[in-house]
Amino acid sequence: MLYIKITEISYHGLYFFFWADTFTLEVEQSKTYLLRIINAALNDELFFAIAGHNMTVVEIDAVYTKPFTTQAILIAPGQTTNVLVQATQKPNRYFMAARPFMDAPLSIDNRTATAILQYKGIPNTVIPLLPHLPEPNDTAFALSYNARLRSLNSPQFQANVPLKVDRHLFYTIGLGINPCPTCLNGTKLAASLNNITFVMPQVGLLQAHYFNIKGVFRLDFPDNPPTPFNYTGAPLTTNLGTTLGTRVSKIAYNSTVQLVLQDTNLLSVESHPFHLHGYNFFVVGTGIGNFDPKRDPAKFNLVDPPERNTVGVPTGGWTAIRFRADNPGVWFMHCHLELHTGWGLKTAFVVENGKLPDQSILPPPKDLPPC
């Protein structure tokens, strides 16, 4: 499901969902409209396009970008994209459409959701024109579109990319199979980072951290996978058990972190949209295949990389992000595919307090209900 807010030049706002009934947006000739697009789907990255109209991307995840024009956008669950649309085409009715992107050998619901952009004065009896959407498995479009995203990096909106890295992290993303005595076949699917399937605790992580409650989580999440292997080689279909645990990483306050997220072919490769709570980060690099720590960093964009809070790790590839840990607390990082995060594809960062009062976690309000 896509969730969109439309604003015209006069700043009259309108919200709508792609829902069971087809929504119609009436536009006036020669006006420019700002569409604030949110992918609220649970398990699908989506292509979105408007028949006969280009879109100018100006913002992602509430951060300005260098504007560029495109016929379609790609948006992952949890991501937002703001685009400008000019109503300068022949007055008519035009479909706005969204459908899933999936370039892994997995089955998906490939139905197309639609709404209608309708010029003022055009009757509802006119059949809308269909947009040209990328093919569902159009990897080339997905990679080229994401490569065009750049931070504005102007004097007013600077891209403060960490150039020096204090902490290097390398997390592999994998699927697995664990024993399940009560399941139909005696097993169940799992997902993991560095072969650890996250187990949700009975006490809130932030609560346990603030009040120093012992036994809720462990601070020993590994910085690297336990066993290096050819991550994106032939599919691995045996020895797929994962380690269960509530394990997190401790990060020093104000330290700079580089995290490389590596997809793997455990059962299957797949694209994974990862979201980090509490922070924006810079997407400094991405690629297909295995990350090469000696060669790939030389190709990082450290000048104007896109800044956002949710990033898609490409199918059979990797993504590198950087951020400064200046927000103390406990912050989840998880795959934004609901199915995968439910299988345990998540972890958390415990960012320590700084030395000054305004660099420490605030106490909980007195009326906070217990977790």
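Residues numbered from 1 in each chain as written. Predicted model: local features only at pLDDT ≥ 70, side-chain atom pairs only at ≥ 80, totals over all residues. Heavy atoms only, no water.

The next thing to look at is the UniProt feature "domain: Plastocyanin-like" (unreviewed entry) in the protein chain. In this structure's numbering, the residues bearing the UniProt feature "domain: Plastocyanin-like" (unreviewed entry) are residues 20–121 and 220–354. Measuring from the first to the last C-alpha atom of residues 220–354 gives 21 Å, for a span that is 4% helix and 40% strand. (UniProt positions renumbered as here; feature names shortened; annotations may be inferred. Helix = DSSP H or I, 4+ residues; strand = E, 2+ residues; numbered from the N terminus.)

The next subject is the packing of aromatic side chains. Counting across every chain of the model gives 18 aromatic pairs. Taken together, a centroid distance of 4.8 Å and an interplanar angle of 75° make the contact between Tyr64 and Phe157 edge-to-face. Of the two residues, Tyr64 sits in strand S7 (residues 63–70) while Phe157 sits in the loop between helix H1 (139–147) and strand S12 (167–179), which places them 93 residues apart along the sequence. For Phe157, a relative accessible area of 36% gives the class partly exposed. Each ring, one from Phe141 and one from Tyr145, has its centre 6.0 Å from the other, and the planes form 15°; the classification is stacked. Of this pair, Phe141 and Tyr145 both sit in helix H1, four residues apart, which is roughly one turn of that helix. Three or more aromatic residues link up through ring pairs in this structure, and these residues are Phe170, Phe229, Tyr231, Phe291, Phe300 and Trp318. (Phe/Tyr/Trp six-rings, centres within 6.5 Å; stacked < 30°, edge-to-face > 60°. Buried < 20%, exposed > 50% of the residue type's maximum accessible area, 1.4 Å probe, protein only.)

Counting across every chain of the model gives one disulfide. Each sulfur in the disulfide pair Cys180 and Cys183 lies 2.0 Å from the other. The S-S bond linking Cys180 to Cys183 shows a torsion near 65°; that makes this disulfide right-handed. With a relative accessible area of 8%, Cys180 lands in the buried category. Exposure remark for Cys183: the relative accessible area of 25% places this residue in the partly exposed category. (Disulfide = S-S within 2.5 Å.)

Let us now look at the sheet that holds strand S16 (residues 249–251). Here five strands make up an open sheet; going across it, the order is S16-S24-S23-S18-S21 and the pairing mixed. Only two strands of the sheet have a single neighbouring strand rather than two, namely S16 and strand S21 (310–313). Averaged over all neighbouring strand pairs, the angle between strand axes comes to 25°, with direction disregarded. In this sheet, S21 lies alongside strand S18 (residues 272–276) in antiparallel orientation, the contact comprising four bridges. Considered in S21, the bridge of His272 is made with Val313. (Pairing = 2+ DSSP bridges. Axes fitted to C-alpha atoms, helices over the stretch in contact; angles between N-to-C directions.)

With mixed pairing, the five strands of this open sheet are ordered in space as S3-S11-S10-S5-S8. Sheet topology places strand S3 (24–27) and strand S8 (72–75) at the edges, where each strand pairs with a single neighbour. Strand-to-strand, the axes of this sheet are offset by a mean angle of 20°, without reference to chain direction. Two strands pair when backbone bridges link them, and strand S10 (residues 93–101) and strand S11 (residues 113–119) are joined in this way by six bridges, in the antiparallel orientation. For Ala97, the partnering residue across the bridge sits in S11 and is Thr114. H1 rests against strand S5 (45–50), S8 and S10 of the sheet, and its axis sits at about 85° to S8. (Contact = heavy atoms within 4.5 Å.)

In this section: the side chain of Ser255. Locating Ser255 in the fold gives a position in the loop between S16 and strand S17 (256–263). Polar side-chain contacts of Ser255 include one of 2.6 Å to the backbone oxygen of Ala252. Residues within four places of Ser255 in sequence aside, it is in contact with Asp166, Phe323, Arg324 and Ala325. (Polar contact = N/O pair within 3.5 Å; in protein donor to acceptor, adjacent residues only side chain to side chain.)

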